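Structure at a glance
Chain by chain, the residues run as shown.
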Amino acid sequence: MPTEPKGRFVWYDLMTTDQEKAIDFYSEVVGWTTEDFPGAPTRYAMWKSPEGANVGGSTQLPADVVQKGVPPHWIGYIATPNVDNTVQEAVKLGAKVLVQPADIPTVGRYAVLEDPQGATFAVFTAAGDTPGREEGPHVGEASWHELYTTDYKAAFDFYQKLFGWEKDQAMDMGDMGVYQMFSRNGQMLGGMMNKPDPNMPSAWTYYFRVPDINDAASRVTKKGGKILTGPMEVPGGDMIVMGADPQGGTFALHEKRS
């Protein structure tokens, strides 16, 4: 019997101001290919890993949304057995609904939420098989999920109640505070901490696994992106880079060495 996917990150969408250039950038940096979703009212290009796994997609930010000041960004989708019930529970816990539950024909049902500290995420119930995998991420897939927030303890409490995430190791980062890692079914998913700059928005950052961090970092700058942090080693010996794509969307890369 398949494992219940509740609480698993299953999809990653890039909302951007220049879809063609974004596709070119990430295809070069992460090694993805794309396949257009048939029948979409506007182009929706699905990301595929080097192994052919569906990772997420990209779409053009509508002009009216850009005019409201919404920047290019990534949004992660978290699996739940019932989107409508999860939205109701999230609202009770203090979340805001940004996009009401809606169906994607033949694909599933989703909604977009803002957690009580202001970070955006989506919930998703698949019509058929849920995307993603239970075992560890392969190259080209998301391997870490990091939340910068106003109150990491309250944020963890919210997500724990909503998805059943488990509190894992906590790391004292000195002046930066505590970095609280979290797991699902015993597998580490990511970490969360208070944002170092109060002017930063609360937001999730998604790390995509690459085979060689230095090669990937060189491709970031070659294709017009910016390196914000790294390459640097993190506890355990893995290597990471945090960057911004040419349109300003932030992302991170991860080379697994441990």
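Quick caveat, the model's predicted, so the values are computed rather than measured.

1. Here we look at the sheet that holds strand β16 (residues 250–255)
- Read across the open sheet, the 8 strands follow the order β10-β11-β12-β9-β13-β16-β15-β14; overall the sheet is mixed. With partners counted over all chains shown, the strands left at the sheet margins are β10 (166–172) and β14 (226–233), one partner each. Neighbouring strand axes in the sheet, compared pairwise and without regard to direction, differ in orientation by 25° on average.
- When β10 meets strand β11 (residues 178–184), the two strands line up antiparallel, connected through 5 bridges. Pairing of K167 across the sheet is with F182, part of β11.
- Lying over the sheet, helix α5 (residues 213–222) contacts β14, β15 (239–244) and β16, oriented at roughly 170° with respect to β14.

2. A few points about the side chain of K195
- Tracing the backbone shows K195 in the loop between β12 (187–194) and β13 (203–209).
- Of note is the side chain of K195, whose polar atom sits 2.5 Å from the backbone oxygen of M200.

3. Focus: the packing of helix α1 (residues 19–30) against α5
- In the contact formed by α1 and α5, the axes pass within 8 Å of each other and the chain directions differ by 160°. Regarding the angle of α1 to α5, the classification is roughly antiparallel. Considering the relative orientation of α1 and α5, their crossing is right-handed. Residues F25, E28 and V29 of α1 form the contact with α5, whose participating residues are A216, R219 and V220.
- A breakdown of the residues in the contact of α1 with α5 according to their chemical character gives 4 nonpolar, no polar and 2 charged.

4. What about the pairing of β11?
- β11 sits mainly inside the fold: 6 of its 7 residues count as buried.
- Count of turn residues in the β10/β11 antiparallel hairpin: 5 residues, of which G174 carries a positive phi of about 70°.
- In this structure, the hairpin formed by β11 and β12 is closed by a connection of 2 residues, where N185 is found at a positive phi of approximately 50°.

5. Considering the layout of surface pockets
- Roughly 1,200 Å³ of volume is contained in the second largest pocket.
- Classifying every residue of the lining of the second largest pocket gives 24 nonpolar, 12 polar and 10 charged.

6. Quick notes on helix α4 (residues 152–163)
- The end-to-end C-alpha separation of α4 is 16 Å, in line with the 16 Å expected for 12 residues at 1.5 Å each.
- Every buried residue belonging to α4 is among Y152, A155, F156, F158, Y159, L162 and F163, and all of these are buried. One side of α4 carries all its buried residues, which in axial view fall inside an arc of 160°.
- Taken from the residues just after α4, G164 is the one with a positive phi, measuring 80°.

7. What to know about the confidence of the model for the protein chain
- Across the protein chain, the average pLDDT comes to 92, with 99% of residues at 70 or higher.
- When pLDDT is averaged over each element of the protein chain, helix α3 (residues 83–92) comes out on top at 97 and helix α2 (residues 63–67) at the bottom at 88.

8. Describing the pairing of strand β5 (residues 73–79)
- When you tally the buried positions in β5, you get 6 out of 7 residues, the bulk of the element.
- Bridge analysis of strand β1 (residues 9–16) against β5 gives 6 bridges, and the strand direction is antiparallel. Along β5, the bridge assignment pairs F9 with I78.
- Pairing geometry for β5 and strand β8 (residues 120–126), over 3 bridges, is parallel. The residue bridging A79 from the neighbouring strand is F124, located in β8.

9. So, the side chain of T86
- Residue placement: T86 occurs in helix α3.
- Those residues in contact with T86 that sit more than four places away from it in its chain are T80, V123, L162 and F163.

10. A closer look at the nonpolar core
- In terms of nonpolar packing, the biggest core is built from 49 residues, with W74, F121, W204 and L253 touching the most fellow members.
- Looking at which element gives the most residues to this core, the answer is α4, with 7 residues.
- Contacts of W204, omitting those with residues within four sequence positions, involve F9, A119, T120, F121, H145, E146, L147, Y159, W165, F182 and M192.
- In terms of nonpolar packing, the next biggest core, distinct from the first, is built from 11 residues, W11, M46, A79 and A122 among them.

Calculation criteria
Residues numbered from 1 in each chain as written. Predicted model: local features only at pLDDT ≥ 70, side-chain atom pairs only at ≥ 80, totals over all residues. Heavy atoms only, no water. Pairing = 2+ DSSP bridges. Helix = DSSP H or I, 4+ residues; strand = E, 2+ residues; numbered from the N terminus. Axes fitted to C-alpha atoms, helices over the stretch in contact; angles between N-to-C directions. Contact = heavy atoms within 4.5 Å. Polar contact = N/O pair within 3.5 Å; in protein donor to acceptor, adjacent residues only side chain to side chain. Parallel < 35°, antiparallel > 145°, perpendicular 65-115°, else oblique. Left-handed = near helix turned anticlockwise from the far one by under 90°. Nonpolar A, V, L, I, M, F, W, Y, C, P; charged D, E, K, R; others polar. Buried < 20%, exposed > 50% of the residue type's maximum accessible area, 1.4 Å probe, protein only. 1 Å grid on protein atoms, 1.4 Å probe; cavity = no way out; pocket = protein on both sides within 12 Å on 5 of 7 lines; lining within 4 Å. Points joined across faces, edges and corners; volume = space filled by probe spheres on them. Expected span 1.5 Å × (residues − 1). Arc of directions from axis to C-beta. pLDDT = per-residue confidence, 0-100. Core = buried A, V, L, I, M, F, W, Y, C linked by side-chain atoms within 4.5 Å.

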